[in-house]
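Listed below are the residues making up each chain.
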Amino acid sequence: MIQMIEGRYGRHHADLMERVFRFRHRFFVDHLKWEALRRPDGREIDAFDGPDCVHLVGLDGDEVVSYARLLATTRPHLQSHVYPQILQGAVAPTGPHIYEWTRCAAAPWKRDGTRALDPISGYQFAAVAEAAERLGLDGLLVQTHPIIVERLISIGWDVEPLALPFPYDGKPLMPIYARLTPDTAATTLAVYGLAGPALEAPAERPGEGPAPWAPADR
Amino acid sequence: MADAGALLPGQAVDTIRQISFDVVHRLKRAETSEQLFQELQSAGGDFGYDSFIVTGLPQRPSELLADCSLLVGWPLDWAQRYIERDYVRIDPVIEHIRHTIDPFVWSEVAYDRSDPGPARVMNEAPSFGLVDGYCVPVHRIDGREAGVSFGAARLDLSDDARAGLHMIAVYAFSKAASLRSEAAAAPERGAAGRCSQREIECMRWAAAGKTGWETSEILSLSQRTVECYLASAAKKLKAVNRVQLIAEAMRRGLIE
């Protein structure tokens, strides 16, 4: 199951967030070799891990096995503040119903090589769609290799290109707007042959009042 | 709601970029493989390619190109030769797709020139008008490989044209694959999909490279009747042209 943790409540999950930052370092730095993110303490954490971001954490028991981060586009995010040049002058949509999907990861070291479709990735992808539904989003900004664009379309996202693939760090990177459809989460689960939901029910937080994304009638 | 206008690329875009976005816009809305095929054909004028193919790669030794091709826009004689001689097994462009996720130009593909198989495909293609080409690999979420290849007598792509074709290929493949799986999921309706013996005979001779007139002589039918049989078979098999028809008939085992 995937747990959804909003940045502002991260302090209630200090142990888990610690494991998340270590998982991110292991995946993005050790595995993907994003050397710019390397840190001596082995925790991959940046300025965007603030109160407005949403962490989607895949757990196998206590072990973090997958992850994705959603950033509010009403605040600085990667497309606006880290590599705006990949938009090549185009204007990306932003607003309260649009988040940016970043730091997507599924542990390759947990992958069962005999299966064509990795269930850990499948649950993580489905959880992103379910979280977008829960947050009432229209869609997500993503920048990714075009090879992934075909996969996002195949798991049910309605993908609008924002600019042509652009060479970044020697590889083509394509900025896209992935619209959520009513079928996105179900399509993802069906492609992977999994039963949903992927996302854990919202946690109760006594004394804090409902989370901002909780239905009004709770 | 996101303003659709904000999704268009910025002002002062140059032509090939704008054309690329326009083509993608229409590919996304294509409802039939005919529309998809025509869109890719007409984009050839803007990008300078003459022919194209949208295809999955065989995943097992028993699988033929005809089993996994989605849109075949090769010259008819090359497509027949390619399918008949099972070139998909020795074509170095196909082999290269399995090892890269980035687009490449055919002439950049390294292959063992002392190996007669790959060399044969590369040496024969130019005489069918496929002097060079641009290939976009696809690696699907379940690990299956696929590709979109654009062939030309003379290939001259700017950086923007390459990037534009890269994007177009992604959308062309996505739509072709989803139309194919919709068609596969659709229940057989009445006679649709079932070809008559005469239709199959005509397809068999067409696959052997016979023209409509030659087939009419062989089968003692009028040329017009032969064309009608082929047209109705194409309709039943949802093929957009002769090459696609033959490929689809082979895929379904109607002809060898």
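Rules used throughout
- Residues numbered from 1 in each chain as written.
- Chains lettered and ligands numbered in written order.
- Predicted model: local features only at pLDDT ≥ 70, side-chain atom pairs only at ≥ 80, totals over all residues.
- UniProt positions renumbered as here; feature names shortened; annotations may be inferred.
- Helix = DSSP H or I, 4+ residues; strand = E, 2+ residues; numbered from the N terminus.
- Rg over C-alpha atoms; globule rule 2.2 N^0.38 Å.
- Buried ≥ 20, exposed ≤ 12 C-beta atoms within 10 Å, placed from the backbone.
- Contact = placed C-beta atoms within 7 Å.
- Core = buried A, V, L, I, M, F, W, Y, C linked by C-beta atoms within 7 Å.
- Domains from an automatic or database assignment.
- Pairing = 2+ DSSP bridges.
- Expected span 1.5 Å × (residues − 1).
- Arc of directions from axis to C-beta.

Taking an unreviewed UniProt entry as the reference, chain A is identified by name as Acyl-homoserine-lactone synthase belonging to Methylobacterium oryzihabitans. Per UniProt, chain A carries the Catalytic activity (unreviewed entry) text "a fatty acyl-[ACP] + S-adenosyl-L-methionine = an N-acyl-L-homoserine lactone + S-methyl-5'-thioadenosine + holo-[ACP] + H(+)". UniProt annotates chain A under Sequence similarities (unreviewed entry) with the comment "Belongs to the autoinducer synthase family."

Caption draft 1: Here's a closer look at the overall build of chain A. Secondary structure summary: chain A contains 5 helices and 8 strands in total. Tracing chain A from N to C terminus, the helices and strands come up as β-α-β-β-α-β-α-β-α-β-β-β-α. Taking 2.2 N^0.38 as the reference for a compact globule, 218 residues should give roughly 17 Å; the C-alpha atoms of chain A span a radius of gyration of 17 Å, in line with that estimate. A principal-axis box enclosing the C-alpha atoms of chain A has dimensions of 45 × 40 × 35 Å. By the burial criterion, 43% of the 218 residues in chain A qualify as buried. Put simply, 69% of the contacts in chain A that link residues at least 6 apart link residues at least 24 apart.

Caption draft 2: Structural detail: the nonpolar core. Leu56(A), Ile168(B), Ala172(B), Phe173(B) and Met203(B) are the most contacted members of the largest nonpolar core, which totals 138 residues. Residue contributions to this core peak at 13 residues, all from helix H7 (residues 159-185) of chain B. The residues that make up this core include at least three from each of domain 1 (13-185) and domain 2 (197-247) of chain B.

Caption draft 3: Representation of the pairing of strand E2 (residues 69-73) of chain B in the model. All names here are of chain B. Counted residue by residue, E2 has 5 buried out of 5 residues, so it is predominantly covered. Here 4 bridges tie strand E1 (residues 51-56) to E2, and the two strands are oriented antiparallel to one another. Residue pairing in the sheet places Phe52 in a bridge with Gly73 of E2.

Caption draft 4: Fine view of the interface of chain A and chain B. With 29 residues of chain A at the interface, the matching set in chain B holds 27 residues. Listed by contribution, the elements that provide at least two residues to the side of chain A that touches chain B are helix H4 (146-154), strand E6 (158-161) and strand E8 (171-179) of chain A. The element best represented in the side of chain A that touches chain B is H4(A), accounting for 7 residues.

Caption draft 5: Representation of the domain arrangement of chain B within the structure. Residues and elements named next belong to chain B. Taken domain by domain, chain B comprises domain 1 (13-185) and domain 2 (197-247). On the side of domain 2, 9 residues touch domain 1, which itself brings 12 residues to the contact. When residues of the side of domain 1 that touches domain 2 are traced back to their parent elements, those giving at least two are helix H2 (33-47), E2 and helix H4 (76-84). Here the side of domain 1 that touches domain 2 takes 4 residues from H4, the largest share from any one element.

Caption draft 6: Representation of helix H10 (residues 223-236) of chain B in the model. Residue and element names in this part refer to chain B. With 14 residues, H10 extends 20 Å between its outermost C-alpha atoms, agreeing within 8% with the 20 Å of an ideal straight helix rising 1.5 Å per residue. Residues Val226, Tyr229, Leu230, Ala233 and Ala234 constitute the buried set of H10. Seen from one end, H10 has its buried residues packed into an arc of 135°, which puts them on one side. Looking at H10, the residues exposed on the side facing more than 90 degrees away from the buried face are Arg224 and Lys235. Elements in contact with the buried residues of H10: helix H8 (197-207), helix H9 (212-219) and helix H11 (242-251).

Caption draft 7: The arrangement of the environment of Ala161(B) in detail. All names here are of chain B. Within the fold, Ala161 resides in helix H7. A tally of 21 C-beta atoms within 10 Å means that Ala161 is categorised as buried. Apart from residues no more than four positions distant in its own chain, Ala161 is found in contact with Ile16 and Phe47.

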